[in-house]
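This is what each chain is made of:
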Amino acid sequence: MMSDPLEAMAEPGTPDDRRRFILDDTGFDEVPRRWRRFYRKWSGASDRLAANEVLCPVCKVVIRSTRELRPGDRVYCMPCMSRLIVGFGPTGRLEATVAY
Ligand SMILES: [Zn+2]
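Residues numbered from 1 in each chain as written. Predicted model: local features only at pLDDT ≥ 70, side-chain atom pairs only at ≥ 80, totals over all residues. Heavy atoms only, no water.

Looking now at the confidence of the model for the protein. As a note on interpretation, predicted positions should not be read in detail where pLDDT is low. Residue-level pLDDT values for the protein average 89, and 89% of them are 70 or greater. When mean pLDDT is compared element by element in the protein, strand β1 (residues 39-41) scores highest at 97, while strand β6 (residues 94-98) scores lowest at 92. (pLDDT = per-residue confidence, 0-100. Helix = DSSP H or I, 4+ residues; strand = E, 2+ residues; numbered from the N terminus.)

Pasting the structure below:
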């Protein structure tokens, strides 16, 4: 599925032991309809991110994949067109940083 923000999904022959997630449309309307389910608004510090979600440090939108995210994954934030790399933040949670 080319539209998933997790770019690693396109790699053929990669062992796939990741948890899969069903995404629902949360009404995020800053991207075209077919990509809406891959993003949602962040509701602040109390927002708990799921294993398939990571926060974009640029526009503070939550990026969602149909598969569990892991450190080293590259994801694409369509709302701000940033390419991001998933890693561990100072809190031990998954965080994304901008890839240059
Ligand atoms: Zn962004």
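Take the pattern of salt bridges next. Enumeration over the complete set of coordinates arrives at 8 salt bridges. The partner of aspartate 17 in a salt bridge is arginine 70, and the shortest N-O contact between them spans 3.3 Å. In this pair, aspartate 17 sits in the segment before β1 while arginine 70 sits in the loop between β3 (61-64) and β4 (74-77), placing the two residues 53 residues apart along the sequence. Aspartate 17 sits in the exposed class, given a relative accessible area of 57%. The class of arginine 70 is partly exposed, set by a relative accessible area of 27%. For the salt bridge of lysine 41 with glutamate 30, the shortest nitrogen-to-oxygen distance reads 3.4 Å. (Salt bridge = Lys/Arg side-chain N within 4 Å of Asp/Glu carboxyl O. Buried < 20%, exposed > 50% of the residue type's maximum accessible area, 1.4 Å probe, protein only.)

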